[in-house]
Amino acid sequence: MDIQTVGIIGAGTMGNGIAQACAVVGIPVVMVDITEEALQKGLATIAGSLDRLIKKEKLTPAEKDKALALIRTSTRYEDLGVAELVIEAATENLPVKIKILQQADALLPAGTIIASNTSSISITKLAAATGRADRFIGMHFFNPVPMMALVEVISGLQTSAATHDAVKALAQRLGKTPISVKNAPGFVVNRILIPMINEAFFVLAEGTASAEDIDEGMKLGCNQPIGPLALADMVGLDVCLAVMEVYLAEFGDPKYRPCPLLREMVAAGRLGRKTKSGVYSY
């Protein structure tokens, strides 16, 4: 399948980032959210991101205008019908995703591929909520989408080879490097990354080292660009906790037990950069 137009459900951080990635390479986008306010906020974020690329001389003002002109917004799922691929980029919550996917599935043409940008939820389970399991796939972008090169292309139990190949080809058109992944909790990157972050919270809680020294140790000792605790603040402590809870439930292995300190900080509302307070203050 040749994907000419992409639909995106969700105008938040991931959704507007995916929209930008598509538009800058000339792919028309329909971005849907529940309110006009959310859509305008998403467009403003894209415009700001493109302005930063102009300042870095990686984009011209004319190219910015052309990209923005390719992004159409709507509060109606019906308007996604023009897209050959629809990417769900809603919050990382199973009931919410299933509700959205069922609504989209009921309205989209039979041949449309649906992808989820989930970072941890089973693609097979999500696919089962639709009537097109063979045309359902995971397409996990990384934040910030315009800058990060990787896309995990995750096949569920019933995902067809044609669906996989079409989505992989699209990722390459976006200038990304796709890796093919079989469905499993956390897939590849987050399966390794989030437990590492969780372990850093255990080390912090035990008083083995300060947050600053833990992060400095991992940066200098493992050549990581950012320490695990600072990264947790960037990702969101609530997101890290939610992913660990998915792993614990899916694997039933106590090694995925969330650190009590992580739970406590989330309960206190210290979620990281988005609340100006997490492991560090912002």
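Just so we're clear, the structure is a prediction, and the values are computed from it rather than from any experiment.

What to know about the pairing of strand β4 (residues 85-88)
- Residue alternation in β4 divides its side chains into two sets, Leu85 and Ile87 and Val86 and Glu88, and both sets are buried.
- Bridge analysis of strand β1 (residues 6-9) against β4 gives four bridges, and the strand direction is parallel. Paired with glycine 7 across the bridge in β4 is valine 86.
- Crossover connection from β4 via helix α4 (residues 94-107) to parallel strand β5 (residues 113-116): handedness right-handed.

A short note on the domain arrangement of the chain
- Split by domain assignment, the chain resolves into domain 1 (6-182) and domain 2 (190-274).
- Each of domain 1 and domain 2 was reduced to a C-alpha centroid, and the two centroids are 27 Å apart.
- In total, domain 1 and domain 2 occlude about 460 Å² of area from one another, counting both sides; carbon and sulfur atoms represent 49% of this.
- Inspection of the domain 1/domain 2 interface yields one salt bridge.
- With a shortest N-O distance of 3.4 Å, lysine 125 and glutamate 250 are connected by a salt bridge.

A few points about the UniProt feature "domain: 3-hydroxyacyl-CoA dehydrogenase NAD binding" (unreviewed entry) in the chain
- The sites that UniProt annotates as "domain: 3-hydroxyacyl-CoA dehydrogenase NAD binding" (unreviewed entry) are residues 5-183.
- In this annotation, residues 5-183 is assigned 41% helix and 21% strand; the end-to-end C-alpha distance for the span is 26 Å.

Considerations on the UniProt feature "binding site: CoA" (unreviewed entry) in the chain
- In the UniProt entry, the feature "binding site: CoA" (unreviewed entry) is given for Ser49, Lys56 and Ser119. These annotated residues cover 71 residues of sequence, and their C-alpha atoms reach 30.2 Å apart at the extremes, leaving them scattered rather than at a single site.
- Its place among the elements puts serine 49 in helix α2 (residues 36-55).
- Leave out the neighbours within four places in its chain, and serine 49 touches Gln20 and Pro146.
- Here glutamine 20 takes part through its side chain, which lies 2.9 Å from a polar atom of the side chain of serine 49.
- Within the secondary structure layout, serine 119 lies in the loop between β5 and α5 (123-128).
- Given the relative accessible area of 13%, serine 119 is considered buried.
- Excluding residues that lie within four positions of it along the chain, serine 119 makes contacts with Glu92, His140, Gly186, Phe187, Asn190 and Val243.

Describing the pairing of β5
- Residues Ile113 and Ala115 point to one face of β5 and Ile114 and Ser116 to the other, with burial holding for every one of them.
- Taken together, the four bridges between β4 and β5 define a ladder with parallel strand orientation. Its bridge partner lying in β5, glutamate 88 is registered against serine 116.
- As defined by bridge partners, β5 adjoins strand β6 (residues 136-141) across three bridges and the pair is classed as parallel. Bridging from a neighbouring strand, alanine 115 pairs with isoleucine 137 of β6.

Cut-off values and rules
Within any chain, residue numbers begin from 1 and follow the written order of that chain's sequence. Reporting of local features is limited, given that this is a predicted model, to residues whose pLDDT is at least 70; pairs of side-chain atoms are given and counted only at 80 or more, and all residues count toward the totals for whole chains, interfaces and linings. Here the side-chain values reflect all heavy atoms present in the structure, with hydrogen atoms and water set aside. Burial classes: relative accessible area under 20% of the type maximum marks a residue as buried, over 50% as exposed, and values in between as partly exposed (1.4 Å probe, protein chains only). Only DSSP runs of H or I reaching four residues or more are called helices, and only runs of E reaching two or more are called strands; each is numbered from the N terminus. When DSSP finds at least two bridges between two strands, those strands are taken to pair. Handedness of a crossover: with both strands directed away from the viewer, a clockwise path from the first strand across the helix to the second marks it as right-handed. As used throughout, domain bounds are those supplied by an automatic or database domain assignment. Put simply, buried area is the surface a 1.4 Å probe can reach on two separate parts but cannot reach once they are joined, added for both. Put simply, a salt bridge is a Lys or Arg side-chain nitrogen that is within 4 Å of an Asp or Glu carboxyl oxygen. UniProt positions are given in the numbering used here, feature names are shortened, and annotations may be inferred rather than shown by experiment. The criterion used for residue contact is that any of the two residues' heavy atoms lie within 4.5 Å. Polar contacts, as used here, are pairs of N or O atoms within 3.5 Å; protein pairs need one atom able to donate a hydrogen and one able to accept it. Residues neighboring in sequence count only if both atoms are side-chain atoms.

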